[in-house]
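Report on the structure
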Amino acid sequence: MTTDAEKYALDLAKALHAKHYADVTQWKPLEGDLIGLLTQIDNMTASLALAPQVKETPPPSSHVVGLSAETAKRVHDLLEVYAPGEFTLEMAATIASAALATTEGSTDA
């Protein structure tokens, strides 16, 4: 007899598999084994937490004046060396634009 907990765990395991691991065709849920299902769920969610998160990088905003897309990309690539995944392309463009504005008004050579 399947309990509500086993049914819920089974549905959750199937949903996780369908959404994130559909390419693993040999996987089967451990029906009738609540601890086994919970272990499968734990394994699937643990590997999701370890997967690198990909941030969408929109093009630089139009408010960044006088900055080429190539320059923004170069600044973004440099930031990636020191802080991987922390800056979007738009953030890099804003930083570069602010740096350019600061250096344009500077009298230092």
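A brief structural summary. (Residues numbered from 1 in each chain as written. Predicted model: local features only at pLDDT ≥ 70, side-chain atom pairs only at ≥ 80, totals over all residues. Heavy atoms only, no water.)

**Quick look at the overall build of the protein**
The helix and strand inventory of the protein stands at four helices and zero strands. Buried positions account for 22% of the 109 residues belonging to the protein. Residue pairs at least 24 apart in sequence account for 56% of intrachain contacts in the protein once pairs closer than 6 positions are excluded. (Helix = DSSP H or I, 4+ residues; strand = E, 2+ residues; numbered from the N terminus. Buried < 20%, exposed > 50% of the residue type's maximum accessible area, 1.4 Å probe, protein only. Contact = heavy atoms within 4.5 Å.)

**Details of the nonpolar core**
Ranked by size, the top nonpolar core spans eight residues in total: Ala9, Leu10, Ala13, Leu16, Tyr21, Leu37, Ile41 and Met44. Looking at this core, the elements with two or more residues in it are helix H1 (4-20) and helix H2 (34-50). Top contributing element to this core by residue count: H1, with four residues. With residues up to four places along the chain from it excluded, the contact list for Ala13 reads Trp27, Leu37, Ile41 and Met44. (Core = buried A, V, L, I, M, F, W, Y, C linked by side-chain atoms within 4.5 Å.)

**Focus on the side chain of His17**
Looking at where His17 falls in the secondary structure, it is placed in helix H1. Residue contacts for His17: discarding those within four places in its chain leaves Ala22, Val24, Trp27 and Met44.

**Notes on the pattern of salt bridges**
Tallied over the full model, the rule gives one salt bridge. Asp11 is paired through a salt bridge with Lys7; the nearest N and O atoms lie 3.1 Å apart. On the criterion of helical spacing, the pair formed by Asp11 and Lys7 is a turn pair, its members being four residues apart in helix H1. For Asp11, a relative accessible area of 39% corresponds to the partly exposed category. (Salt bridge = Lys/Arg side-chain N within 4 Å of Asp/Glu carboxyl O.)

**A look at helix H3 (residues 69-82)**
Between its first and last C-alpha atoms H3 spans 21 Å; for 14 residues at 1.5 Å apiece the expected length is 20 Å, and the two agree. Of all the positions in H3, only Ala72, His76 and Leu79 are classed as buried. One face of H3 carries all of its buried residues, which in axial projection span an arc of 60°. Exposed and oriented more than 90 degrees from the buried face of H3 are Glu70, Arg74, Leu78 and Val81. (Expected span 1.5 Å × (residues − 1). Arc of directions from axis to C-beta.)

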